[in-house]
Amino acid sequence: MDYYAGKVPATMEELIKLLGAAFDIPGVVVDTHVKRLSLKLGLTENQNPDKIEKDIEKLLPEDRWRRFSDILIYHGRAVCKARKPDHARCPVFKLCPSTDIS
Ligand code: SF4
């Protein structure tokens, strides 16, 4: 309900995310926000979503995978927007290696 306003998602990526949450299947969901922020934050050097998923899974315990994806998605929508990242409002500004190129 929070993410899709009660509507069935239109893309395969979003459907997989919804099903994973519904059935409590652990996993990092790599959508466009997670991919972009993982690269910005230096969590991966890969462009391939499957490789990004594996890179992030190595960094976190399994019970944090889904929540971490949700946090990155929220952060990408609310603060670190693709066209204009809001560095001034960013809680990870001091840790981010991409502040000079965004
Ligand atoms: S510091 Fe800027 S580029 Fe880095 S995550 Fe925050 S908003 Fe994005």
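In this text the structure is predicted, and so the values were computed from the model without any measurement.

Conventions and cut-offs
- Residues numbered from 1 in each chain as written.
- Predicted model: local features only at pLDDT ≥ 70, side-chain atom pairs only at ≥ 80, totals over all residues.
- Heavy atoms only, no water.
- Helix = DSSP H or I, 4+ residues; strand = E, 2+ residues; numbered from the N terminus.
- Rg over C-alpha atoms; globule rule 2.2 N^0.38 Å.
- Buried < 20%, exposed > 50% of the residue type's maximum accessible area, 1.4 Å probe, protein only.
- Contact = heavy atoms within 4.5 Å.
- Near = heavy atom within 4 Å.
- Nonpolar A, V, L, I, M, F, W, Y, C, P; charged D, E, K, R; others polar.
- Core = buried A, V, L, I, M, F, W, Y, C linked by side-chain atoms within 4.5 Å.
- Axes fitted to C-alpha atoms, helices over the stretch in contact; angles between N-to-C directions.
- Parallel < 35°, antiparallel > 145°, perpendicular 65-115°, else oblique.
- Left-handed = near helix turned anticlockwise from the far one by under 90°.

**Focus on the overall build of the chain**
What the chain contains, in helices and strands, is four helices and zero strands. Listed by position from the N terminus, the elements making up the chain come as α-α-α-α. Relative to a compact globule of 102 residues, whose C-alpha radius of gyration would be 13 Å, the chain shows 14 Å and is just as compact. The principal-axis extent of the C-alpha atoms belonging to the chain is close to 40 × 30 × 20 Å. Put simply, the chain has 102 residues, and 33% of those count as buried. Contacts in the chain between residues far apart in sequence, at least 24 positions, make up 52% of those at least 6 positions apart.

**What to know about the site of the ligand**
The full set close to the ligand counts 11 residues, and C80, H87, C90, C96 and T99 are the nearest of them. Partitioned by chemical class, the residues of the shell around the ligand number six nonpolar, four polar and one charged.

**What to know about the nonpolar core**
V28, V30, V34, L37, I52, I56, W65, L72, I73 and C80 together form the largest nonpolar core, which totals 10 residues. The set of elements that each furnish at least two residues to this core consists of helix 2 (32-40), helix 3 (49-59) and helix 4 (65-78). Element by element, the count of residues in this core is highest for helix 4, at three residues. Among residues more than four places away in sequence, those in contact with L37 are L72, H75, G76 and C80.

**What about the packing of helix 1 (residues 12-22) against helix 4?**
At a closest axis distance of 11 Å, the pairing of helix 1 and helix 4 adopts a crossing angle of 135°. Comparing the axis directions of helix 1 and helix 4 gives the class oblique. Helix-helix and strand crossings are classified by hand; for helix 1 and helix 4 the assignment is left-handed. Residue-level inspection shows K17, G20 and A21 of helix 1 in contact with helix 4, the latter providing R66, D70 and I73. Counted by class, the contact of helix 1 with helix 4 contains two nonpolar, one polar and three charged residues.

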